[in-house]
Amino acid sequence: MTSVSDIRASLGEPLERVNTLISESLHSANPLMSNVIESYLKHKGKQLRPMMVLLTARMLGEINDRAIAGAASIEILHNASLIHDDVVDNSDLRHGQPTINAIWDNHIAVLVGDYFVSTSLRLAMQTRSMSVVETIASLGRLLSLGEMDQIYNARYHTLSEEAYYEVISHKTASLFVSCVEMGCYCCGVTEGPRFEALREYARIFGLCFQIKDDIFDYFSDPAVGKPTGNDLREGKVTLPLLHVLAKSEEMRGLVEKGGLTDEEIAELIEFAKANGGIEYAEATLERLHREAAEALSVFPDTEGRQDLLTLLSYIIKRDY
């Protein structure tokens, strides 16, 4: 049975080309910028987004130079958003590693993030496809809107699943949708059933990614890289708690009060667990998995389609 490791191994040479292009494109003669970027690039993460660009291109034709540049562009813009998020959230760690703002300062982190954004756009231009450039430009807008939606919902206590899905569609799913769009455009596929099927799969993938990430916040596990209840500390009410808040005016009032203490956060977490919030979120993941498989049914049952479903299964079943 194919695993994520097998998929990554099958993308070994093109993925290495993506990483080489990222490093070369971000090179700077400025010693401070160079030092910060070199340190940052030592920790690559899972690289799911460039993998999805490459898998899409391979499924539709071939992994050409444009797909390599597109994958690098997406990964750099994604990292720019993380660098800026760490400044906004005043985060000292990301996945157990010190953030740029923690090592240097916010000023440098913002400038490095801006440098990443500009580099991403330059790489998009290298594809000589206005569709690719439009994808990157639109993605930057959606990521910003997602963060603003999240801030608005936290500040004004917008407690509905509809608002929650709108936030995660913008701030998380949009990235994965852009990945498959990039892979499509780089292979000359700009519309039609295959294009729409891949976009729907990627949208569902992004929703699952964020829902699973949100579930982690209800459990104490050092591997997750953030303390239990961190979302609630920031005013973010996610799916497991949203689903059960209607059962208690007291708990809803606690959320709307804001400024939660550690004891109140623990109480809300236990309330979500005791009333089936975690089970509801996990059932939602299984439903979305079925919907993604249905979306991809327009493709023949090939290794390419199975690779995409394997990535989704990994996201749903991961334990960190």
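In the block above lies the structure referred to throughout.
All values reported here derive from a predicted model rather than from experimental measurement.

Participant: I tried to follow helix H8 (residues 130-156) on my own but got confused; where do I start?
Facilitator: Every α-helix winds through 3.6 residues per turn, so residues three or four apart in the chain are directed the same way. With 27 residues, H8 should cover 39 Å at 1.5 Å per step; its first-to-last C-alpha distance of 38 Å lies within 8% of that length. Of the positions making up H8, those classed as buried are Val132, Val133, Thr135, Ile136, Leu139, Leu143, Gly146, Glu147, Gln150, Asn153 and Ala154. The inward-facing, buried residues of H8 abut helix H5 (65-89), helix H7 (106-126) and helix H9 (161-185). His157, located one to two residues past H8, shows a positive phi value of around 55 degrees.

Participant: What is the right way to read unusual backbone geometry from this model?
Facilitator: Residues other than glycine predominantly adopt negative phi, and peptide bonds predominantly adopt the trans conformation. In the Ramachandran plot, Asn90 falls in the positive-phi region, its phi being about 55 degrees despite a non-glycine side chain. Secondary-structure assignment places Asn90 in the loop between H5 and strand E1 (93-94). Here His157, not a glycine, exhibits a phi torsion of approximately 55 degrees, which is positive. For His157, the location among the structural elements is in the loop between H8 and H9. Judged by relative accessible area, which is 26%, His157 ranks as partly exposed.

Participant: Got a minute to help me understand the side chain of Asp217 in this structure?
Facilitator: Relative to the helices and strands, Asp217 resides in the loop between helix H10 (193-216) and helix H11 (230-233). Here the side chain of Asp217 touches Asn230 through a polar contact of 3.1 Å, landing on its backbone nitrogen.

Participant: Explain the pattern of salt bridges here, please?
Facilitator: Close approach of charged atoms lets side chains of opposite charge pair. The tally for this structure, following the rule as stated, stands at 14 salt bridges. In this structure, Glu200 and Arg203 form a salt bridge, with 2.9 Å as the shortest nitrogen-oxygen distance. Of the two residues, Glu200 and Arg203 are both situated in helix H10; the distance of three residues between them amounts to about one turn of the helix. On the accessibility criterion, Glu200 (29% relative accessible area) is partly exposed. Taken together, the salt bridges that share partners define one network made up of Glu181, Glu196 and Arg199.

Participant: Got a minute to help me understand the environment of Arg8 in this structure?
Facilitator: Mapped onto the elements, Arg8 comes out in helix H1 (residues 4-10). Spatially, the C-alpha atom of Arg8 lies 9.9 Å from that of Leu55, the residues being 47 residues apart in sequence. Other than its neighbours up to four places away in sequence, Arg8 contacts Leu15, Lys46 and Met51.

Participant: Explain the nonpolar core here, please?
Facilitator: Formed by 103 residues in total, the largest nonpolar core has its most connected members in Val112, Phe116, Leu198, Tyr201, Ile211, Leu241 and Leu311. Among all residues touching Leu311, those that are not within four sequence positions of it are Val4, Ile7, Leu48, Met51, Leu55, Tyr201 and Phe205.

Participant: What exactly am I supposed to notice about the environment of Asn90 here?
Facilitator: Since its relative accessible area comes to 56%, Asn90 is described here as exposed. Taking C-alpha positions, Asn90 is 39 Å from Ala295, a pair spaced 205 residues apart along the chain.

Participant: I keep staring at the packing of aromatic side chains and nothing clicks. Help me out?
Facilitator: Working definition: an aromatic ring pair is given by the centre-to-centre distance plus the angle between the planes. Following the criterion strictly, the structure yields seven aromatic pairs and no others. Taking the centre distance of 4.8 Å and the plane angle of 40 degrees together, the rings of Tyr152 and Tyr156 count as tilted. Separated by four residues within a single helix, Tyr152 and Tyr156 lie in helix H8, roughly one turn from each other. The exposure class of Tyr152 is partly exposed, given its relative accessible area of 48%. Judged by its relative accessible area of 54%, Tyr156 falls in the exposed class. Ring centres of Phe176 and Phe209 lie 5.7 Å apart, and the angle between their planes is 45 degrees; on these two criteria the pair is classed as tilted. Note that Phe176 is positioned in helix H9 and Phe209 in helix H10, a separation of 33 residues in sequence. When its relative accessible area of 0% is taken as the criterion, Phe176 is described as buried. Through pairs of rings, three or more aromatic residues link up here, namely Phe176, Tyr201, Phe205 and Phe209. The aromatic ring of Phe209 is capped on one face by Arg318, whose charged end is 4.5 Å from the ring centroid.

Participant: Explain the side chain of Thr172 here, please?
Facilitator: By the secondary structure assignment, Thr172 is in helix H9. The class of Thr172 is buried, set by a relative accessible area of 6%. Among the polar contacts made by the side chain of Thr172, one reaches the side chain of Gln210 at a distance of 2.6 Å. If sequence neighbours within four positions are ignored, Thr172 has contacts with Gly206, Phe209 and Gln210.

The rules behind the values
- Residues numbered from 1 in each chain as written.
- Predicted model: local features only at pLDDT ≥ 70, side-chain atom pairs only at ≥ 80, totals over all residues.
- Heavy atoms only, no water.
- Helix = DSSP H or I, 4+ residues; strand = E, 2+ residues; numbered from the N terminus.
- Expected span 1.5 Å × (residues − 1).
- Buried < 20%, exposed > 50% of the residue type's maximum accessible area, 1.4 Å probe, protein only.
- Contact = heavy atoms within 4.5 Å.
- Polar contact = N/O pair within 3.5 Å; in protein donor to acceptor, adjacent residues only side chain to side chain.
- Salt bridge = Lys/Arg side-chain N within 4 Å of Asp/Glu carboxyl O.
- Core = buried A, V, L, I, M, F, W, Y, C linked by side-chain atoms within 4.5 Å.
- Phe/Tyr/Trp six-rings, centres within 6.5 Å; stacked < 30°, edge-to-face > 60°.
- Lys NZ or Arg CZ within 6 Å of the ring centre and 35° of its normal.

Worth remembering: the numbers are spatial, not functional.
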